[in-house]
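Chain and residue survey
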Amino acid sequence: MSEATFSAEDRTISRGFALSLFLLVGIANAEFLNFYKSIETSGLFDAFMRTFDVSVIQIFGLYLSLRFLKDSMLPPFSTLDIVVLGFAGLLFIAPVSGLAWTALTLVPTYVLIFGRADDYGRRGMVLMMAVAYTSLWSKLIFKYFLDYILVFDTAIISTLTGTSRYGNLIFAADGRTTLEVLEGCSSFSNISIAVLAWIIARTYYGTHGVRRGLVFICISAAAVVAINTARIAVIALDPRLYELAHGTVGATIANFATTIAVTYISLVGARR
Amino acid sequence: MRGALIVGLILLSIVSLGLKFMIERPLNYDDLETTILGTASKKLRQNGFVEVGSTNPSVMGAVHGDCYLWMTAVRPQGGQDDLFEYQFGSGLKVVYIFDHMLFLERPTLLPIAKRMMEKLRQLAGRHPRPQPVFQLAHSVGCDERALADIIDAEN
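So, a few notes on the structure that sits alongside this text. Model, not experiment: these values are computed from the prediction.

1. What to know about the overall build of chain A
Along chain A, the regular secondary structure elements total 12 helices and three strands. Projecting the C-alpha coordinates of chain A onto the three principal axes gives extents of approximately 75 × 45 × 30 Å. Considering chain A as a whole, with its 272 residues, one finds that 48% of them fall into the buried category. Sequence separation of at least 24 residues holds for 68% of the intrachain contacts in chain A that already meet a minimum separation of 6.

Given below as structure tokens:
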């Protein structure tokens, strides 16, 4: 039996592949609530077209993570490995999607700390952890600091457009409309996607250098903020464009532009 | 061994996703807004308040003697307070009520922790109880502590 195989005899399966299948079950559980909400709100077809309200960058990150894990050479599972995976399995079973994300953070943390993987395995686990961070932990942090973030968002927009503000309210240029900047309109809610895009590109190309990473993450984040700020600023300057800029058309264009921008900047940064 | 692994993973998928499909639902207070405000309004009426009309369907108004107030349910993470304060808070004192407790600043950690507890209640298949943060703008004639005792989303 080779060291990378899960079992002997003629039909074998690598431990990396087995682990990637296990984590795939975890991903299905972690994304359950997103899928449910998306289908309930928009119907199956529209939800599918909107990738179930999950960023394509996150989906690509998960795909790449599982691919790296599938090709990794893992040592034989120890008793502690089995205990950790068993606990993760229990968290998958619990009917709270957030707990599945917790398990998808726990397993990579364990593998990385105890050095239970080769280079491919480590890359896969780093990506899994990064996606779990953007899907659960960054949202919790964002929620806690939401008040400050919204006020900061509002300050940027009102400064750029020359309009006045109160808290997270912007008094539009027409003098009659008040805009309320909420969670979904915040430029900063997508910054974690910029970080994730960089981690994906860096992991894929094997790029090194913390300073370089920080520089390109900052450029990506600035692009994310600029795109969303421009969208809200358009409404502040002419509230008649609200439906266009804030509705499906505006949101789709902004999401598409954000995805393209962070992907391009991260690829350029990681490939140089 | 490969067969056992595949069967195990299929079983894990069926059990975990099946349980989620049966039990887990989004916990969205926005959907419960009418019920939450309706229950709070009923409690105020039971305590002698008379409801007054509001220009905003998410905000209810009530008056009792020299106490008058505007009230709404806000998200614990914030984002909705400034609009309420701007529209209804002029000349009034703005406070928050959560779980019969009175706050001068919107509580954040406690409601989020309680919300997580409600999610865990779903583990046992129990319906989560809505525990919103109420934002109140009231006149000086109101007894805040009495209001905190009265107002609650539970029946």
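2. Thoughts on the overall build of chain B
Per the secondary structure count, chain B includes five helices and six strands. Start at the N end of chain B and walk to the C end: the helices and strands fall as α-α-β-β-β-α-β-β-α-β-α. Per-residue burial over chain B gives 45% buried out of 155 residues. When the accessible surface of chain B is summed, it comes to about 8,000 Å², and 59% of that surface belongs to carbon and sulfur atoms.

3. So, a nonpolar patch on the surface
Together, Tyr-133, Ile-141, Tyr-144, Phe-145 and Tyr-148 of chain A together with Leu-109 of chain B give the surface a local cluster of nonpolar side chains, amounting to about 650 Å² of exposed area. Take the nonpolar patch: its biggest share by element is three residues, from helix α7 (residues 119-144) of chain A. Tracing the backbone through its elements, the reader meets Ile-141 of chain A in helix α7. Of the residues examined, Ile-141 of chain A reaches a relative accessible area of 43% and is grouped as partly exposed.

4. A word on unusual backbone geometry
All names here are of chain A. One non-glycine residue, Thr-51, lies in the positive phi region at around 45°. Mapped onto the elements, Thr-51 comes out in the loop between α3 (44-49) and α4 (56-70). Residue Phe-52 is not a glycine yet carries a positive backbone phi of 55°. Here Phe-52 is to be found in the loop between α3 and α4. The class of Phe-52 is buried, set by a relative accessible area of 12%.

5. A closer look at the pairing of strand β4 (residues 93-98) of chain B
Among the six residues in β4 of chain B, five count as buried, and that is most of the element. Linking two consecutive strands that pair antiparallel, namely β4 of chain B and strand β5 (residues 101-103) of chain B, is a turn of two residues; a positive phi of about 55° is found at Asp-99 of chain B within it.

6. Quick notes on the packing of helix α1 (residues 15-30) of chain A against helix α1 (residues 2-23) of chain B
A pair of packed helices can be characterised by two numbers: the angle between their axes and the separation between those axes. For the pair α1 of chain A and α1 of chain B, the least separation of the axes is 10 Å and the interaxial angle reads 10°. The angle between α1 of chain A and α1 of chain B places the two elements in the roughly parallel class. Mapping the contact onto sequence places Ala-18, Leu-21, Phe-22, Val-25, Ala-28 and Asn-29 of chain A in α1 of chain A and Leu-5, Leu-9, Leu-12, Ser-13, Ser-16, Leu-17 and Lys-20 of chain B in α1 of chain B. Of the residues that constitute the contact of α1 of chain A with α1 of chain B, the class distribution is nine nonpolar, three polar and one charged.

7. Considerations on helix α6 (residues 97-113) of chain A
Here α6 of chain A spans 25 Å end to end across 17 residues, near enough to the 24 Å set by a 1.5 Å rise per residue. Among the residues of α6 of chain A, Ser-97, Ala-100, Trp-101, Ala-103, Leu-104, Thr-105, Val-107, Pro-108, Tyr-110 and Val-111 of chain A are the ones counted as buried. Buried residues along α6 of chain A sit against α1, α2 (32-42), α5 (79-93) and α7 of chain A together with α1 of chain B. Two residues or fewer after α6 of chain A comes Gly-115 of chain A, characterised by a positive phi angle close to 60°.

8. Observations regarding the environment of Thr-258 of chain A
Residues and elements named next belong to chain A. You can see Thr-258 is positioned in helix α12 (residues 248-271). On the basis of relative accessibility, which here comes to 8%, the residue Thr-258 falls in the buried class. Among all residues touching Thr-258, those that are not within four sequence positions of it are Val-224 and Ile-227.

9. Section: the pairing of strand β6 (residues 133-138) of chain B
All names here are of chain B. Where burial is concerned, most of β6 is hidden: six out of the six residues are buried. Residues Val-133, Gln-135 and Ala-137 point to one face of β6 and Phe-134, Leu-136 and His-138 to the other, with burial holding for every one of them. Judged from the six bridges that link them, strand β3 (residues 67-74) and β6 form a sheet pairing that is antiparallel. Counted as the bridge partner of Ala-73 is Phe-134 from β6. Inspection of the sheet shows β4 paired to β6 by five bridges, in the antiparallel sense. The partner of Val-95 across the bridge, within β6, is Leu-136.

10. Re the pattern of salt bridges
All names here are of chain B. Considering all chains together, one arrives at 10 salt bridges over all chains under this definition. In this structure, the salt-bridge partner of Lys-93 is Glu-144, at a minimum N-O distance of 2.8 Å. Of the two residues, Lys-93 sits in strand β4 while Glu-144 sits in helix α5 (residues 144-150), which places them 51 residues apart along the sequence. Classification of Lys-93 by relative accessible area gives partly exposed; the value is 40%.

Rules used in this analysis
- Residues numbered from 1 in each chain as written.
- Chains lettered and ligands numbered in written order.
- Predicted model: local features only at pLDDT ≥ 70, side-chain atom pairs only at ≥ 80, totals over all residues.
- Heavy atoms only, no water.
- Helix = DSSP H or I, 4+ residues; strand = E, 2+ residues; numbered from the N terminus.
- Buried < 20%, exposed > 50% of the residue type's maximum accessible area, 1.4 Å probe, protein only.
- Contact = heavy atoms within 4.5 Å.
- Areas by Shrake-Rupley, 256 points an atom, 1.4 Å probe, with all protein chains shown as cover.
- Patch = residues over 30% accessible without salt bridge, like charges linked within 9 Å, V, L, I, M, F, W, Y side chains within 5 Å.
- Salt bridge = Lys/Arg side-chain N within 4 Å of Asp/Glu carboxyl O.
- Pairing = 2+ DSSP bridges.
- Axes fitted to C-alpha atoms, helices over the stretch in contact; angles between N-to-C directions.
- Parallel < 35°, antiparallel > 145°, perpendicular 65-115°, else oblique.
- Nonpolar A, V, L, I, M, F, W, Y, C, P; charged D, E, K, R; others polar.
- Expected span 1.5 Å × (residues − 1).

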